[in-house]
Amino acid sequence: VDSYDVTVEEDLGEIQLIKIEKRKYWYQDDWYLKYITVKTPMGDYLEFPCYRWITDEREIVLRDG
């Protein structure tokens, strides 16, 4: 299980969806993406559920759950 923190300094406005893109680096580098959590500047948390394997190079769009 891995967890990553990404900090963005600019104001993103109201977040309604997020996009994630995977690139293949090794032969078998599939991901299971459970969810992405975003912490807003006001301290609120938004969760974007996925619950699926990502096996190829493509963009995935997640909506607030």
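Provided above is the structure to which this section pertains.
Residues numbered from 1 in each chain as written. Predicted model: local features only at pLDDT ≥ 70, side-chain atom pairs only at ≥ 80, totals over all residues. Heavy atoms only, no water.

Student: Go over the pairing of strand S3 (residues 45–54), please, and point to the residues and values.
Tutor: Inspection of the sheet shows strand S2 (residues 31–39) paired to S3 by eight bridges, in the antiparallel sense. Each bridged residue has a counterpart across the sheet, and for Val38 the counterpart in S3 is Leu46. (Pairing = 2+ DSSP bridges. Helix = DSSP H or I, 4+ residues; strand = E, 2+ residues; numbered from the N terminus.)

Student: Tell me about unusual backbone geometry, and name the residues and values.
Tutor: With a phi close to 50 degrees, Tyr51 is a non-glycine residue in the positive phi region. Relative to the helices and strands, Tyr51 is located in strand S3. Assessed through its relative accessible area of 44%, Tyr51 is described here as partly exposed. (Buried < 20%, exposed > 50% of the residue type's maximum accessible area, 1.4 Å probe, protein only.)

Student: If you had to explain the side chain of Lys22 to someone new, which residues and values would you point to?
Tutor: Structurally, the position occupied by Lys22 is in the loop between strand S1 (17–21) and S2. Lys22 has contacts with Asp29, Asp30, Trp31, Ile54, Thr55, Asp56, Glu57 and Arg58, leaving out every residue within four places of it along the chain. (Contact = heavy atoms within 4.5 Å.)

Student: Describe the layout of surface pockets, with residues and values.
Tutor: Of the volumes computed, that of the largest pocket is approximately 1400 Å³. What lines the largest pocket is a set of 30 residues, and nearest its centre among them are Tyr4, Val6, Ile36, Thr37 and Val38. With nine residues, S2 is the single largest residue contributor to the lining of the largest pocket. Across the lining of the largest pocket, the residue classes tally to 17 nonpolar, five polar and eight charged. (1 Å grid on protein atoms, 1.4 Å probe; cavity = no way out; pocket = protein on both sides within 12 Å on 5 of 7 lines; lining within 4 Å. Points joined across faces, edges and corners; volume = space filled by probe spheres on them. Nonpolar A, V, L, I, M, F, W, Y, C, P; charged D, E, K, R; others polar.)

Student: Please provide a residue-by-residue account of the pairing of strand S4 (residues 59–63), values included.
Tutor: By the alternation rule, side chains of S4 split into Ile60 and Leu62, which are all buried, and Glu59, Val61 and Arg63, of which none is buried. Bridge count between S1 and S4: five bridges; the pairing is antiparallel. Paired with Lys19 across the strands is Val61, a residue of S4.

Student: Which residues make up the nonpolar core, and what values do they have?
Tutor: Core analysis: the biggest nonpolar cluster contains 10 residues, these being Ile18, Ile20, Leu33, Val38, Leu46, Phe48, Cys50, Ile54, Ile60 and Leu62. Taken together, the elements giving at least two residues each to this core come down to S1, S2, S3 and S4. For this core, the element with the most residues is S3, which contributes four residues. What Cys50 contacts, discounting residues up to four positions off in sequence, is Leu33, Lys34, Tyr35 and Leu62. (Core = buried A, V, L, I, M, F, W, Y, C linked by side-chain atoms within 4.5 Å.)

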